[in-house]
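# Structure assessment
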Amino acid sequence: QAQVVESGGGLVQAGGSLRLSCTASESTFDGYAMGWFRQAPGKEREGVSCITSSGDTTWYADSVKGRFTISRDNGKRMLYLQMDSLKPEDTAMYYCATAVVVAGLILPSSTFGENWGQGTQVTVSS
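On to the sheet that holds strand β1 (residues 4-7), then. The sheet built from four strands is open, its strands ordered β1-β3-β8-β7 with antiparallel pairing. Bordering the open sheet on either side are β1 and β7 (68-73), each of which pairs with just one other strand. When strand polarity is set aside, the average angle formed by the axes of neighbouring strands in this sheet is 15°. Taken together, the six bridges between strand β3 (residues 18-24) and strand β8 (residues 78-83) define a ladder with antiparallel strand orientation. Within β8, the residue paired with C22 across the bridge is L79.

With that settled, consider the packing of aromatic side chains. Across all of its chains, the model carries three aromatic pairs by this definition. With centroids separated by 5.5 Å and ring planes inclined at 85°, the aromatic side chains of F37 and W116 adopt a geometry described as edge-to-face. Highlighted residues: F37 in strand β4 (residues 34-39) and W116 in the loop between β10 (105-108) and β11 (120-125), separated in sequence by 79 residues. Here the two residues F37 and W116 agree in accessibility, since each one is buried. Between the aromatic rings of F112 and W116, the centroid separation amounts to 5.3 Å while the plane-to-plane angle is 70°, which identifies the pairing as edge-to-face. Taking the relative accessible area as the measure of exposure, F112 reaches 3% and is therefore buried. Three or more aromatic residues joined by ring pairs make a cluster, and in this case those are F37, Y95, F112 and W116. Positioned over the ring face of Y95 is R45, at 4.4 Å from the centre of the ring. A cation over an aromatic ring shows up here: R72 above the ring of F29, its NZ or CZ 4.1 Å from the ring centre.

Further remarks concern the pattern of salt bridges. Counted according to the given criterion, the structure contains five salt bridges. With its nearest N and O atoms 3.0 Å apart, the salt bridge here joins R77 to D30. Of this pair, R77 sits in the loop between β7 and β8 while D30 sits in the loop between α1 (26-29) and β4; the two residues are 47 residues apart in sequence, bridging distant segments of the chain. For R77, a relative accessible area of 27% corresponds to the partly exposed category. Residue E46 pairs with R38 through a salt bridge whose shortest N-O separation is 2.7 Å. For R38, a relative accessible area of 5% puts it in the buried group.

About the criteria used
Residues numbered from 1 in each chain as written. Predicted model: local features only at pLDDT ≥ 70, side-chain atom pairs only at ≥ 80, totals over all residues. Heavy atoms only, no water. Pairing = 2+ DSSP bridges. Helix = DSSP H or I, 4+ residues; strand = E, 2+ residues; numbered from the N terminus. Axes fitted to C-alpha atoms, helices over the stretch in contact; angles between N-to-C directions. Phe/Tyr/Trp six-rings, centres within 6.5 Å; stacked < 30°, edge-to-face > 60°. Buried < 20%, exposed > 50% of the residue type's maximum accessible area, 1.4 Å probe, protein only. Lys NZ or Arg CZ within 6 Å of the ring centre and 35° of its normal. Salt bridge = Lys/Arg side-chain N within 4 Å of Asp/Glu carboxyl O.

Structure follows, in structure tokens:
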């Protein structure tokens with residue numbers, strides 16, 4: 001079974017909102033910073049946001065800063081991404097994974113490997 005399972009995506013008009021959720025296993029979630037990543041057709045996977053294990057510090061890609069909010073519920077082993085003021089360029093498959101921030105760049109943890117979930121599709125229409 002997958003270590004993470006993403007949900008909450010859908011089709012929304014520009015300016016609308018979506019809330020993504022990610023469930024993770026104990027070994028994947030507990031004590032790790034977690035992040036959201038996205039990949040659009042023909043594009044490389046990019047880091048969108050990251051949150052520390054305690055939830056006290058967050059990072060965002062410049063493209064989403066001020067519009068997206070990452071959060072986590074450690075008791076439920078859940079990761080969330082509140083997406084507001086959505087733009088067509090936000091259209092992508094969204095994934096969650098353990099994450100690190102290096103020189104401002106959000107990257108999946110090396111220990112996460114290739115254990116990506118199926119992702120959840122976000123489509124924003126004009």
